[in-house]
Each structure stands twice: as C-alpha cells, then as structure tokens.
Amino acid sequence: MSSNEKVPQFMPWVGEEEYGAIAECFENNWITEGPKSKEFLKKLLDLIGARYGVLAPNGTLAIYMALKANDIGPGDEVIVPDFTFIASASAVIMAGARPIFNDVNKQNFQIDLSNTEKLVSPKTKAVMPVHIYGTIADMDMVSAFAERYGLMIIEDAAQALGVHYKGRHAGTFGKAGTFSFFADKTITTAEGGLVTTNDENVYQRLLYLRNQGRTKGGSFVHPELGFNFRITDLQSAIGIIQLGKLEQIKQRKLNILKRYQDNLSSIRQVSFLKDTPGAERIPFRVGILCDNSQSLLKHLQNSGIEPRTFFYPLHKQPAFSYLSEEYKKRGLNMNDDAYPNSVFGFDHGICLPTFPALSENNIDYVCNCIQNFYA
Ligand SMILES: Cc1ncc(COP(=O)(O)O)c(C=O)c1O
C-alpha cells in the first residue's frame, strides 16, 4: 500500500443489494413504517430471542424509550459506566433521571460493580450495563448486583448485536435492551434503533410512547401521552439486507481482530482488550492499550490512518460538570481518583480501523506503522 492511501476508521458495508431494497419500497409506494419494518423487527426478535420489541429512530432514543417505558424519570438514579459513549448517560438525563457514573474494569472496560458501597441510594432504580467494543459485561455479576439491591437492568447493547453471554443474546437480561443501527454499528440502517423486552406491560408502554400515545395510526383519540419515535420502511429495507449479512460481518470482523493480534503479538508495548469469560463476541472495534498512545495516534494519522481514542470518561465530560455538586451531596465525587480504570483507558487506548471491507493489506499497513513507531 502506498503511503498516500488512506485507511479510514470505519466505512459502512452497503451496496447494490441495499440500494435494490430501497428501490423496492419506491416500487411498492410504501416508504413510511410498514411491511418492511414489520419484517425487519420480526427477524431481529428471532435473532435476539426477545419476546417483544419496537424499532426506534436511533440508539439514543431507544435508551430513552426503554427508561420511560419502565417509569424511570425525575427523582430516580441510574448507574451508568463511566466509560461509554455519552448517549448512554444523556438519555438518562433526557428521561429526567440522574446518571451515577461507575468505574469499569481494566481488562475490557465493561462495568465493574465490585466496589459499590456508595453507589446505591434509595433513589437508585436501575443499572445500565453498556456492552462495549463487541464483547459484553459480566452479566452474572450485573444480575447478582441488580437482585441484591432490587434494581432493574436496562442494557445499552448499541454495539452488541449478535453478541452473547453464556449462550444468551445481549439485551435480554433485564427489563429492556437497546440497540443502535447507526452507520458504524454491526449492521446499519443509516440511523435506527431497537428496544427489546420480555415484559408485556413494558411493551405496551413502548407502543404508546413511540406512536403518539395510541397503538394504531389513523385514530385521533390518544389514550396516553406519546411522541413520534417511528422509523421508515426505507431504513428497514436496508436493515433486512444487512441482517442477512450478519454472519459474514461477524466472520470478517473476527478475521480482522485475529490478523491484528497475530501481526502485533511481538510488540510488548501493545496489548489487546480481553473477551469477557462466557462471551461470544463480534469485534465492534479493535481496541489496543499501548504505551505513548498520544504520539502513536499522531504517527498513525501522519501515515494516512484514522485511529480513534477510547471514550472520554463521562465524569470528565464538560457537558456533565454541572452534576458535580449533586454528586458531592450524595457523598460521591467526580474526580479522576474515583474512576482510575476509565481514565487509564482514555490515556492508553486506541481503536484501530475495523470494518467489514477492511483489506488484509490495510491491516498489515496499520501494523507496520505501529511496528515502525516502537522500533
Ligand atoms: C454504547 C452506545 N450507546 C448509545 C449509542 C447511541 O446510538 P445512536 O448513535 O444510534 O443514537 C451509541 C452510538 O454510538 C453507542 O455506542
């Protein structure tokens, strides 16, 4: 590969088939939520093994809907890992509740509930494991924690379609699970999301919530307060094709991870995130922990590669600084010393390009650049 070529962080894997599926919607003259969405939803629920589900406009609103449908709102607290995309916590705030950040483990940056004395208060309603980078939180630990304190589990499985823990699909362990189909997700509908639940009451609430407080269109009587969280058949048509490629996507991403691991195994300054015991993963991202990560990031960028940092810890987010007074009143703090692993992840973590169409040549080029950097 020549040095002026570019290796992006991500490229969606869409083409002729997805294009044809959209055309079919036009030919059938059905573009809003309709038959394609029904089919997409059914296929998703079959895959995930959840009893009920509703499609959502994106993963952020899916979390919001999951919280609202479970009556989580003003006065409530939700335990959220400090290391996640900001939407996990901002959706809690959108629902009117307060996120309580919790540190993660150092092996793969999933929520760690072993140090919990101050975390739970009478206001705590739920714990939100967020399954990061293609593996899954230790759901035995999360379930035991939730049971001990009488909390709901709401899973943010935005990155975890096709990911299992001890044979069970992510998003099926608690009161609700949420998924994202944004362009960089395991499968994409451009924008899109899903809420799953095994609870019929929660499902009914979700139906009202997403469709203007009624369960059928065409009526102007609204038994509940709801909004418009529907999607379009154009998106679902893409989703059906993408779902058909899931096994291929999984295999390609596993091959990508293996090639990175094989190529970089002799570099002692680099280590890979571990899989959770009992998990079957689909590497959403290939994350490495490395020495001197800031300089390596620059070196990769100067070589035409688009690396990403790990998540910026939520307790450090400027957008959440206003929470610090509330935290103090609760006997909690938003300083780095309360979240050492999350801080370590940001300081040492780099996401390498990972997408289904990434070529072996591209992977070898990225690895050569890393080898040269440490040489
Ligand atoms: C862990 C996590 N939660 C939530 C979201 C939000 O999903 P969306 O971008 O579809 O709103 C994302 C998206 O990147 C995510 O990675």
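1. Remarks on the overall build of the protein chain
Regarding its fold elements, the protein chain presents 12 helices and 14 strands. For 375 residues, the compact-globule formula gives about 21 Å, and the C-alpha radius of gyration of the protein chain, at 21 Å, lands near that figure. Its C-alpha atoms give the protein chain principal-axis dimensions of about 70 × 60 × 35 Å. Across the 375 residues of the protein chain, 56% fall into the buried class.

2. Topic: the domain arrangement of the protein chain
By domain assignment, the protein chain separates into domain 1 (16–244) and domain 2 (246–374). Computed from C-alpha atoms alone, the centre-to-centre distance between domain 1 and domain 2 is 24 Å. Each partner contributes residues to the interface: domain 1 has 50 residues there, and domain 2 has 40 residues. Surface buried jointly by domain 1 and domain 2 totals about 3800 Å² across both partners, of which 61% is contributed by carbon and sulfur atoms. When the buried area of domain 1 at its contact with domain 2 is split by residue, Asp82, Phe101 and Tyr133 rank highest and sum to 20% of it.

3. Observations regarding the site of the ligand
Among the 13 residues in the neighbourhood of the ligand, the closest are listed as Gly59, Thr60, Asp156, Ser180 and Lys185. At 2.7 Å from a nitrogen atom of the ligand is found a side-chain nitrogen or oxygen belonging to Asp156. In this structure, an oxygen atom belonging to the ligand sits 2.7 Å away from a side-chain N or O atom of Ser180. Contact with the protein chains covers 91% of the free accessible surface of the ligand, which is 390 Å². Every element with two or more residues in the shell around the ligand is listed here: helix H3 (59–69) and helix H4 (87–94). A class-by-class count of the residues in the shell around the ligand yields 4 nonpolar, 7 polar and 2 charged.

4. Looking at the side chain of Glu18
Residue placement: Glu18 occurs in helix H1 (residues 16–28). The exposure class assigned to Glu18 is buried, which follows from its relative accessible area of 3%. Within polar-contact distance, the side chain of Glu18 engages the side chain of Gln242 at 3.0 Å. With residues up to four places along the chain from it excluded, the contact list for Glu18 reads Trp13, Ile238, Ile241, Gln242 and Lys245.

5. Some points on the nonpolar core
With 89 residues, the main nonpolar core has Met65, Val78, Ile79, Phe101, Val127, Tyr133 and Leu161 as its most contacted residues. Top element by residues in this core is H3. It accounts for 8 residues. Counting only domains with at least three residues in this core, you end up with domain 1 (16–244) and domain 2 (246–374). Dropping the residues within four chain positions of it, Ile79 is found in contact with Ile100, Asn102, Ile111, Leu113, Leu119, Val120, Thr124, Ala126, Val127, Met128, Phe145 and Leu151. Core analysis: the second largest hydrophobic core is formed by 27 residues, Ile350, Leu352, Phe355 and Cys367 among them.

What counts and what doesn't
- Residues numbered from 1 in each chain as written.
- Predicted model: local features only at pLDDT ≥ 70, side-chain atom pairs only at ≥ 80, totals over all residues.
- Heavy atoms only, no water.
- Helix = DSSP H or I, 4+ residues; strand = E, 2+ residues; numbered from the N terminus.
- Rg over C-alpha atoms; globule rule 2.2 N^0.38 Å.
- Buried < 20%, exposed > 50% of the residue type's maximum accessible area, 1.4 Å probe, protein only.
- Domains from an automatic or database assignment.
- Contact = heavy atoms within 4.5 Å.
- Buried area = accessible area lost by both parts, 1.4 Å probe.
- Near = heavy atom within 4 Å.
- Polar contact = N/O pair within 3.5 Å; in protein donor to acceptor, adjacent residues only side chain to side chain.
- Areas by Shrake-Rupley, 256 points an atom, 1.4 Å probe, with all protein chains shown as cover.
- Nonpolar A, V, L, I, M, F, W, Y, C, P; charged D, E, K, R; others polar.
- Core = buried A, V, L, I, M, F, W, Y, C linked by side-chain atoms within 4.5 Å.

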